[in-house]
Amino acid sequence: MPRFSANLSFLFNEVPFLERFGEAAKAGFGAVEFAFGYEYTMPEIAARLADHGLTQVLINAPPGNWAAGDRGLASSPGREHEFTASMVTALRYADALSCPRVHVMAGVLPSDTDAATRAQHRATFVRNLRLAAKDAAAQGVMLTIEPINTRDVPGYFLNLQADAHALREEIGADNVKVQMDFYHVQIMEGDIAMKFRQWQPHIGHVQIAGAPERHEPDTGEVNYFYLFDLLDELGYDGWVGCEYRPAESTRAGLAWLNKLDWRAPRG
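Residues numbered from 1 in each chain as written. Predicted model: local features only at pLDDT ≥ 70, side-chain atom pairs only at ≥ 80, totals over all residues. Heavy atoms only, no water.

Draft legend 1. Spatial organisation of the overall build of the protein chain. When helices and strands are counted, the protein chain shows nine helices and eight strands. A compact globule built from 267 residues should have a C-alpha radius of gyration of about 18 Å, and the protein chain, at 18 Å, falls within 12% of that. Each principal axis of the C-alpha distribution contributes one length, and for the protein chain these read about 50 × 40 × 35 Å. Within the span of the protein chain, comprising 267 residues, buried residues form 54% of the whole. Put simply, the protein chain shows about 11300 Å² of open surface, and 50% of that area lies on carbon and sulfur atoms. When the 24 positive and 34 negative side-chain charges of the protein chain are each reduced to one mean point, those points stand 2 Å apart. (Helix = DSSP H or I, 4+ residues; strand = E, 2+ residues; numbered from the N terminus. Rg over C-alpha atoms; globule rule 2.2 N^0.38 Å. Buried < 20%, exposed > 50% of the residue type's maximum accessible area, 1.4 Å probe, protein only. Areas by Shrake-Rupley, 256 points an atom, 1.4 Å probe, with all protein chains shown as cover. Lys, Arg positive; Asp, Glu negative; His and termini not counted. Charge placed at Lys NZ, Arg CZ, Asp CG, Glu CD.)

Structure, rendered in structure tokens:
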């Protein structure tokens, strides 16, 4: 059975952020992930993890100015210093939380992007990730890059699995992997199982949500129970992040998990 982590940016939003750790533990999760928790101090978050016996499996690097439309900085020419500073912050948090993975968001392209502009963004992305990967490797941290669908984030730099793996190969760092969110794959490409089979050795984290509404994974057009069996068959030993928006309450929506023998030992 795959190991599931609760994404606290999506689940247990009925309570304030720091209380979600306890709610996740009560629900049976042994691990959590979240996008951005930088408004809280490292000791605050570390204490919640320790208090509830939870493992932090993933955080995102700071994305830039989210309110102004930033969705990451890694591919943005001229903002390399901001990106470097964001990675310093991310790695400090990863160290304090004993978190082995940091998702590095690529950013959005200008609305008038042409081939030359896209090439400039690609070169910036590769250069930034190569440098960041060295610092992360010294700390024993994996960096993940994630294709995101163009419906949820119009203009996002990275959308397709093949493109992500081509970039990973060009970056050439062993600690850079692809974060495969089955929800985004279904919207952009489909054929989830075959894509996972093709690239499994280079997938550093998996996330799930029902498609197309991004609710619980037992709703919509994807047969997740088949995919969970496939992960077991292929020996995937990473985490599966529950990054979906509950249709009603988080607790009520966890009925899909309770159909599975999923409460593995923590850690």
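Structure's up, so let's keep going.
Draft legend 2. Structural detail: the pairing of strand S7 (residues 203-208). Most of S7 sits inside the fold, with six of its six residues counted as buried. Across four bridges, the pairing between strand S6 (residues 176-181) and S7 is parallel. Across the sheet, residue Asp181 finds its bridge partner in S7, namely Gln207. Where S7 lies against strand S8 (residues 239-242), three bridges are found, and the strand directions are parallel. By the bridge assignment, Ile208 is partnered in S8 with Cys242. (Pairing = 2+ DSSP bridges.)

Draft legend 3. Summary view of unusual backbone geometry. Residue Ala211 is joined to Pro212 through a cis peptide bond whose omega torsion reads 10°. Mapped onto the secondary structure, Pro212 falls in the loop between S7 and helix H8 (224-234). In the Ramachandran plot, Ser98 falls in the positive-phi region, its phi being about 50° despite a non-glycine side chain. Looking at where Ser98 falls in the secondary structure, it is placed in the loop between helix H3 (80-96) and strand S4 (101-103).

Draft legend 4. Structural context of helix H2 (residues 42-51). Listed in full, the buried residues belonging to H2 are Met42, Ile45 and Leu49. For H2, the buried positions fall inside an angular range of 75° around the axis, keeping them on one side. Among the exposed residues of H2, those oriented more than 90 degrees off its buried face are Pro43, Ala50 and Asp51. Looking at the buried positions of H2, the neighbouring elements they touch are helix H1 (17-27), strand S2 (31-33), strand S3 (55-60) and H3. Two residues or fewer past H2, Gly53 is found with a positive phi of approximately 65°. (Arc of directions from axis to C-beta. Contact = heavy atoms within 4.5 Å.)

Draft legend 5. Expanded view of helix H5 (residues 161-171). Listed as buried for H5 are Gln161, Ala164, His165, Leu167, Arg168 and Ile171. Relative to the axis of H5, the buried residues are bounded by an arc of 155° and lie together on one face. Its buried side turned inward, H5 meets helix H4 (115-138), strand S5 (142-145), S6, helix H6 (182-188), helix H7 (192-199) and S7. Of the residues one or two after H5, Gly172 is the one with positive phi, at around 70°.

Draft legend 6. Highlighting the packing of aromatic side chains. Tallying each qualifying case throughout the model produces 17 aromatic pairs. Ring geometry for Phe17 and Phe21: centres 5.4 Å apart, planes at 85°, overall edge-to-face. Pair noted here: Phe17 and Phe21 are both in helix H1, with a separation of four residues, about one helical turn. Of the two residues, Phe17 and Phe21, both sit in the buried class. Positioned over the ring face of Trp239 is Arg3, at 4.1 Å from the centre of the ring. (Phe/Tyr/Trp six-rings, centres within 6.5 Å; stacked < 30°, edge-to-face > 60°. Lys NZ or Arg CZ within 6 Å of the ring centre and 35° of its normal.)

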